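# Analysis of the macromolecular model
Each chain, written out:
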Amino acid sequence: DMGEWIARGAVGAPNGLERPAEEAWRVVALLLVAFGLAVTIVGFIQVLRAYREKRLETHGLYATVRHPQHLAIGLWSLGLALAANVTAAYMTWFTVLYFYVVLALWEESHLAQHFGSAYEDYRQKTPFIIPFVRSGLPLPRPGARRVVALVAYYVAGMAVLCLIMQGIGVTTRHFI
């Protein structure tokens, strides 16, 4: 049933992999966690300095993307999901990523109010959350339609994630 698929489903049946492939998978997961945590810490230090100096941070990691910490949290939480390799972990990763994107949208409205044209110029020059990608999902102006659009994106994203996991294959793991 669906509850068991979510709670105990192992994506891609890692126990069926040969030992070297399983170890490679764990190395990728560990590297994502380590890289993501490092970027989160560096981004925090950069934005803390800018906050103390009461200025907009546009250098370092913030010259590449407007929300490097959110990207980094998405990376290290994906690494944790890969390490666990269960359906619930991937669904949790997607939910965390989704809420950090929503948080970034909220932050942008407040940064635009606080820094005005300086933030608008920065927004025009710097990608949102994915380096070198300047396009995003179309969203209505703030209000009820925007909330409906955000909920629809979440539901659609979760459906696509579940379809991908089903395509890869999910087997039930029995825990002791």
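Residues numbered from 1 in each chain as written. Predicted model: local features only at pLDDT ≥ 70, side-chain atom pairs only at ≥ 80, totals over all residues. Heavy atoms only, no water.

## Quick notes on the overall build of the protein
Test applied: In this text, helices come from DSSP runs of H or I with a minimum length of four residues, and strands from runs of E with a minimum of two, each type numbered from the N-terminal end. Partly exposed describes any residue whose relative accessible area lies between the buried limit of under 20% and the exposed limit of over 50%, with all areas from a 1.4 Å probe on protein chains only and scaled to the type maximum. Only heavy atoms enter the contact rule, under which two residues are in contact if any of them lie within 4.5 Å. None of His or the chain ends enter the tally, which takes Lys and Arg as positive and Asp and Glu as negative. Here the site of a charge means atom NZ of a Lys, CZ of an Arg, CG of an Asp or CD of a Glu.
Looking only at helices and strands, the protein has 6 helices and 2 strands in total. Helices (α) and strands (β) of the protein occur, in sequence order from the N terminus, as α-β-α-α-α-α-α-β. Seen through its principal axes, the protein has C-alpha atoms that stretch 55 × 35 × 25 Å. When each of the 176 residues of the protein is scored for burial, the buried share is 32%. Within the protein, contacts between residues at least 6 apart in sequence are counted, and of these 74% link residues at least 24 apart. Across the protein, the 15 positively charged side chains and the 11 negatively charged ones have centroids separated by 7 Å.

## Quick notes on the packing of helix α3 (residues 68–84) against helix α4 (residues 87–115)
Filter applied, for reference: Axis angles are defined between N-to-C directions and span 0 to 180 degrees, where every axis is a line fitted to C-alpha atoms and, for a helix, only to the segment in contact. Each angle receives one of four descriptions, namely roughly parallel if under 35 degrees, roughly antiparallel if over 145, roughly perpendicular if within 65 to 115, and oblique otherwise. Note on residue categories: nonpolar means Ala, Val, Leu, Ile, Met, Phe, Trp, Tyr, Cys or Pro, charged means Asp, Glu, Lys or Arg, and polar means any other residue, Gly included.
At a minimum axis separation of 9 Å, α3 and α4 run at an interaxial angle of 175°. It follows from the interaxial angle that α3 and α4 lie roughly antiparallel. Packed against α3, whose contacting residues are His 70, Ile 73, Gly 74, Ser 77, Leu 78, Ala 81, Leu 82 and Ala 84, the element α4 presents Ala 89, Tyr 90, Trp 93, Val 96, Leu 97, Tyr 100, Leu 103, Ala 104 and Glu 107 at the interface. Here the contact of α3 with α4 is built from residues that sort into 13 nonpolar, 3 polar and 1 charged.

## Some words on the side chain of Asn 85
Our working rule: Polar contacts, as used here, are pairs of N or O atoms within 3.5 Å; protein pairs need one atom able to donate a hydrogen and one able to accept it. Residues neighboring in sequence count only if both atoms are side-chain atoms.
With respect to the element layout, Asn 85 can be found in the loop between α3 and α4. By relative accessible area, Asn 85 is classed as buried at 4%. Here Tyr 90 takes part through its side chain, which lies 2.7 Å from a polar atom of the side chain of Asn 85.

## A short note on the pattern of salt bridges
In a structure, side chains of opposite charge can pair up when their charged atoms sit close to one another. The condition is simple: Each salt bridge in this description consists of a side-chain nitrogen of Lys or Arg and a carboxyl oxygen of Asp or Glu lying within 4 Å of one another.
A complete count under the given rule lists 5 salt bridges for this structure. The salt bridge partner of Glu 108 is Arg 66, with a shortest N-O separation of 2.5 Å. Of the two residues, Glu 108 sits in helix α4 while Arg 66 sits in the loop between α2 (19–52) and α3, which places them 42 residues apart along the sequence. Residues Glu 108 and Arg 66 agree in their burial class; the two are buried.

## Quick notes on the confidence of the model for the protein
Counted only if it meets this: Confidence scores labelled pLDDT are given residue by residue by the predictor and lie between 0 and 100.
Mean pLDDT over the protein stands at 89; residues scoring 70 or higher make up 91%. The lowest-confidence element of the protein is helix α1 (residues 2–8), averaging 72 in pLDDT; the highest-confidence one is helix α5 (residues 117–125), averaging 95.

## Looking at the packing of aromatic side chains
Stated formally: Note on ring pairs: Phe, Tyr and Trp rings are taken, using the six-membered ring of Trp, and paired if centres are within 6.5 Å. Classes follow the plane angle, with under 30 degrees stacked, over 60 edge-to-face and the rest tilted.
Taken as a whole, this structure holds 4 aromatic pairs when the rule is applied. Through a chain of ring-to-ring contacts, three or more aromatic side chains come together here, namely Phe 94, Tyr 98, Phe 99 and Tyr 154.

## Description of a nonpolar patch on the surface
Quick note on the threshold: Residues forming no salt bridge and having over 30% relative accessible area are the ones grouped into patches, like charges within 9 Å of each other and nonpolar side chains (Val, Leu, Ile, Met, Phe, Trp, Tyr) within 5 Å. We get accessible surface area from the Shrake-Rupley algorithm with a probe of 1.4 Å; when it comes to residues, only the shown protein chains can shield them.
On the surface, Ile 41, Phe 44, Ile 45 and Val 47 cluster together to form a nonpolar patch covering roughly 340 Å² of accessible area. One can find Ile 41 in helix α2.

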